[in-house]
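# Breakdown of the fold
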Amino acid sequence: MVEDIVEEILFRARTSQIEWIEDALQIKLREKLKSWPSFLEVCERRNGYIHSDSKMTQRYIERVTSQSNKKSPTLSVGDSLVHNGTYFENAADALLEMSLLLVQKVARVLCADDASVIEELDKAFNSAIFDQNLRERYNSASRIAQLAEDGEVILKDLYSKMATVNYAVAQKQLGKSARSKRLIESVDWSSAMPEFQLCVAAVNDDFSGVCSLIPSMIGSGLVKPQSFFEWPVFQSARSEPEFWKVLADTYGDRLGDLPSDLINASKAVEEEPKDSA
């Protein structure tokens, strides 16, 4: 009985499958998912590659144009389904965002009473935003983070703050400094953990604040050494000589334990000629 139901659902179109899940669990997956049209296009394109010799079909055109709010170029039956590196990156983003929201929503319903599972879901959600920032996929990181802002994914306070920082980083890198600042200002950081104070200072380009916090962060072990040159939140700070100088002064003889990128940058700062008084 169950196998028959599953098999029947698997043979449905993607839209019908998602509708079934939404109805069965009383959740919404498409309403706030900005990448839904892109996800559906990828699914329909797959059908074109498999069943129609990589050519557009009437079904492809109808389903893609019906889901998109953007004005599409003229599409004709028989046109080739072209692709390039940019398309594949955008397609990967859409698949990630859809699968992430699907897992988050379904698991939070089915495991609502399991605190350990909910915690892992919170971590996974934030990791997705962070990883997209690392890959410089800032639009995707923003779309994922916006799901939490919209209440589609409810995070505990710790992870909500993490998501806000990562969202602000993505917006900053997209040149939306005002939006980044508003995100940071929307949260009360006064009682937040020191790591958050450090990250907020970095997002706000408060480099003196960042530098003043580095020794205590390293000394207490709250922030790992590699984080200072790996985390996207420190991207702007890494262009500041003082940032590297403080790291070099803090590590001292332990610089040999750090990756060569950090060592070389620190040495470059130390070798800069000093301004005469």
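Data block above holds the structure.
Notes on the structure in this doc start here. Only a predicted model underlies this, so the values are computations on that prediction, with no experimental measurement involved.

### Topic: the overall build of the protein chain
Scanning the protein chain for helices and strands turns up 14 helices and zero strands. Going from N to C terminus, the protein chain has its helices and strands arranged as α-α-α-α-α-α-α-α-α-α-α-α-α-α. Counting only residues that meet the buried cut, the protein chain has 40% of its 277 residues in that class. Nonlocal contacts in the protein chain, meaning residues at least 24 apart in sequence, comprise 58% of its contacts between residues at least 6 apart. Counting only carbon and sulfur atoms, one obtains 52% of the accessible surface of the protein chain, whose full area is about 15600 Å².

### Observations concerning the packing of helix 8 (residues 157–173) against helix 9 (residues 177–185)
Close contact between helix 8 and helix 9 brings their axes to 7 Å; oriented N to C, the two are set at 170°. With respect to helix 9, the axis of helix 8 lies roughly antiparallel. The element helix 8 and its partner helix 9 pack so that their crossing is left-handed. Where helix 8 abuts helix 9, its residues Thr164, Tyr167, Ala168, Gln171 and Lys172 lie against Ser177, Arg179, Ser180, Leu183 and Ile184. Grouping the constituent residues of the contact of helix 8 with helix 9 by class yields four nonpolar, four polar and two charged.

### Quick notes on helix 5 (residues 85–110)
For helix 5, with 26 residues, the first-to-last C-alpha span of 37 Å sits near the 38 Å given by 1.5 Å per residue. Between the side-chain oxygen of the N-cap and the backbone nitrogen of Thr86 there are 3.1 Å, and the N-cap of helix 5 in question is Asn84.

### Description of the nonpolar core
A general trend in soluble globular proteins is that nonpolar side chains are found buried together. Judged by nonpolar contacts, the single largest core of 58 residues is most densely connected at Phe228 and Phe243. Those residues in contact with Phe243 that sit more than four places away from it in its chain are Val210, Cys211, Ile214, Phe228, Phe234, Ala237 and Arg238.

### Observations regarding a nonpolar patch on the surface
Together, Met1, Val2, Ile5, Val6, Leu10, Phe11 and Trp20 make up a nonpolar patch on the protein surface, roughly 810 Å² of accessible area in all. Considering every element that reaches the nonpolar patch, the biggest residue donor is helix 1 (residues 2–10), with four residues. Turning to its location among the elements, Leu10 is positioned in helix 1.

The rules behind these values
Residues numbered from 1 in each chain as written. Predicted model: local features only at pLDDT ≥ 70, side-chain atom pairs only at ≥ 80, totals over all residues. Heavy atoms only, no water. Helix = DSSP H or I, 4+ residues; strand = E, 2+ residues; numbered from the N terminus. Buried < 20%, exposed > 50% of the residue type's maximum accessible area, 1.4 Å probe, protein only. Contact = heavy atoms within 4.5 Å. Areas by Shrake-Rupley, 256 points an atom, 1.4 Å probe, with all protein chains shown as cover. Axes fitted to C-alpha atoms, helices over the stretch in contact; angles between N-to-C directions. Parallel < 35°, antiparallel > 145°, perpendicular 65-115°, else oblique. Left-handed = near helix turned anticlockwise from the far one by under 90°. Nonpolar A, V, L, I, M, F, W, Y, C, P; charged D, E, K, R; others polar. Expected span 1.5 Å × (residues − 1). Polar contact = N/O pair within 3.5 Å; in protein donor to acceptor, adjacent residues only side chain to side chain. Core = buried A, V, L, I, M, F, W, Y, C linked by side-chain atoms within 4.5 Å. Patch = residues over 30% accessible without salt bridge, like charges linked within 9 Å, V, L, I, M, F, W, Y side chains within 5 Å. Salt bridge = Lys/Arg side-chain N within 4 Å of Asp/Glu carboxyl O.

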